[in-house]
Amino acid sequence: MSRQANRGTESKKMSSELFTLTYGALVTQLCKDYENDEDVNKQLDKILFFCFLPRGYNIGVRLIEDFLARSNVGKCHDFRETADVIAKVAFKMYLGITPSITNWSPAGDEFSLILENNPLVDFVELPDNHSSLIYSNLLCGVLRGALEMVQMAVEAKFIQDTLKGDGVTEIRMRFIRRIEDNLPAGEE
Amino acid sequence: MAIFSVYVVNKAGGLIYQLDSYAPRAEAEKTFSYPLDLLLKLHDERVLVAFGQRDGIRVGHAVLAINGMDVNGKYTADGKEVLEYLGDPAHYPVSIRFGRPRLTSNEKLMLASMFHSLFAIGSQLSPEQGSSGIEMLETDTFKLHCFQTLTGIKFVVLADPRQSGIDSLLRKIYEIYSDFALKNPFYSLEMPIRCELFDQNLKLALEVAEKAGTFGPGS
């Protein structure tokens, strides 16, 4: 993806702008292919595509392996630790930013990731006729897919977006449950 | 070669990749004239030597190749039955290679899912919670090293008991898997890995690990 920390043997760098532009092309193509923004949001977050290009959820379920293989992060013992790893390691590794974690719910099952600047929207201005488009919804899908592979069902959604005039971008994460079926051996 | 095989087992216990990287020893090739002075029998879809141990050919060895062409179970490369082919005087003299029967892909599949179950039993038997499961099995001829990721995929490497550096090799294989299998959009999750790049890079990693892994004392 965009910026990657030392890739070990073959350290390839890809311009983050190229990724941002590619992502822009993807979103506009989806906007052309689908009538309303709701469908595009769904597409960005979820599965199904006009071709086999994985994205959102599909990127997440694959990216988690890359993340675990390279980051040497061990098991997380609670949701707070997970939040820390997502913000400080994962976002740093793949997008080059470190969002802050705030607004913990009293039960400790919900938190917000505040992105000061979102590299996906560096050059984006949302036109009026796409006011309900959640441009970066891909990130929610990635988070959902990746955490599902480590036995955590979560809900992720944008509640603030700089594209819509908010001061910051905020992703709200809610822990739903631990996925107990298909548990790898040794993970009680 | 000090690293013998690599297996990748998915979450459900299905074998999704297997690579053998050794030339089996104890193979014997010999040219025969009619009639064949060995007794062959059909057993378990293979042609085995039943009687007539000689020149490195042992009872229980299977017919591996005829005239340099690998046989496929009880059939020759061009689809004829091996026993029928060897029964015809017109085909002699014939050169046959014998050796220990290799595991068929079906057997590998079965053994992999069996290992998956053993691994689960291993972590259940643990007195402490959250045991890692089987990390290593040791025999006199090889060591089996297993690494299970947090997502439940198992990477298994069979190597010479004296080979070192397997832990880092397993990590490396995990990286190769995430790079060349998962990032390939045409690879579907949990399915057998048939990616050229994955193959190439895995073989490269095995070579590097073999060269780097210094043998301990006694070698």
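Residues numbered from 1 in each chain as written. Chains lettered and ligands numbered in written order. Predicted model: local features only at pLDDT ≥ 70, side-chain atom pairs only at ≥ 80, totals over all residues. Heavy atoms only, no water.

## Structural notes on the nonpolar core
Heads up, the condition is: Put simply, a nonpolar core is a bunch of buried Ala, Val, Leu, Ile, Met, Phe, Trp, Tyr and Cys residues held in one set by side-chain atoms that sit within 4.5 Å of each other. Per-residue accessibility, obtained with a 1.4 Å probe over protein chains only, is compared with the maximum for each type, and a residue is labelled buried under 20%, exposed over 50%, and partly exposed between these values. Contacts are residue-level and defined by heavy atoms, with any inter-residue pair within 4.5 Å sufficient.
Membership of the largest hydrophobic core comes to 81 residues, with the highest contact counts inside it found for Phe91, Leu113, Ile171 and Met173 of chain A together with Tyr177 and Phe198 of chain B. Ignoring any residue separated from it by four or fewer positions in sequence, one finds Leu113 of chain A in contact with Ile86, Ala87, Phe91, Pro99, Ser100, Ile101, Leu143, Thr169, Glu170, Ile171 and Met173 of chain A.

## Overview of the interface of chain B and chain A
Buried accessible area, meaning the area lost when the parts come together, often serves as the stated size of an interface. The condition is simple: Each of two parts loses accessible area, computed with a 1.4 Å probe, when they are put together; buried area is these two losses added. The rule for a salt bridge is simple: a side-chain nitrogen of Lys or Arg has to be within 4 Å of a carboxyl oxygen of Asp or Glu. Under the rule applied, a polar contact is a pair of N or O atoms within 3.5 Å (in protein, one hydrogen donor and one hydrogen acceptor; residues adjacent in sequence only if both atoms are side-chain atoms). Secondary structure elements follow DSSP: runs of H or I of four or more residues count as helices, runs of E of two or more count as strands, with numbering from the N terminus. Basically, the charged four are Asp, Glu, Lys and Arg, the nonpolar ten are Ala, Val, Leu, Ile, Met, Phe, Trp, Tyr, Cys and Pro, and anything else, Gly included, counts as polar.
Contact with chain B, which involves 30 residues of that partner, is made by 26 residues of chain A. Both faces combined, the contact of chain B with chain A buries some 2300 Å², and carbon together with sulfur accounts for 53% of it. On the surface where chain B and chain A come into contact, there are three salt bridges. Notably, a salt bridge pairs Arg70 of chain A with Asp179 of chain B, separated by 2.6 Å at the nearest N-O pair. Counting every contact that joins chain B to chain A gives 10 residue pairs in polar contact (both at pLDDT 80 or more). Sorting the residues of the side of chain B that touches chain A by element identifies helix H2 (105-125) and helix H3 (166-182) of chain B as the ones contributing at least two each. Looking at the side of chain B that touches chain A, the element that brings in the most residues is H3 of chain B, giving 10 residues. Looking at the side of chain B that touches chain A residue by residue, the classes come out as 13 nonpolar, 11 polar and six charged.

## Some words on the packing of helix H3 (residues 57-71) of chain A against helix H5 (residues 137-149) of chain A
Residues and elements named next belong to chain A. This is how the line gets drawn: Note on method: axes are straight lines fitted to C-alpha atoms, helices fitted across the in-contact stretch only, with angles between N-to-C directions ranging 0 to 180 degrees. To sort the angles, those under 35 degrees are grouped as roughly parallel, those over 145 as roughly antiparallel, those from 65 to 115 as roughly perpendicular, and the leftovers as oblique. The hand of a helix crossing depends on one turn: near helix anticlockwise from the far one by less than a right angle means left-handed, and clockwise means right-handed.
Running from amino to carboxyl end, H3 crosses H5 at an angle of 50 degrees, the nearest separation of the two axes being 6 Å. On the basis of their axis angle, the class for H3 and H5 is oblique. H5 is crossed by H3, and the crossing has right-handed handedness. Taken together, the residues of H5 that come into contact with H3 (itself represented by Tyr57, Ile59, Gly60, Val61, Leu63, Ile64 and Glu65) are Leu138, Gly141, Val142, Arg144, Gly145, Ala146, Glu148 and Met149. Residues of the contact of H3 with H5, tallied by class, amount to nine nonpolar, three polar and three charged.

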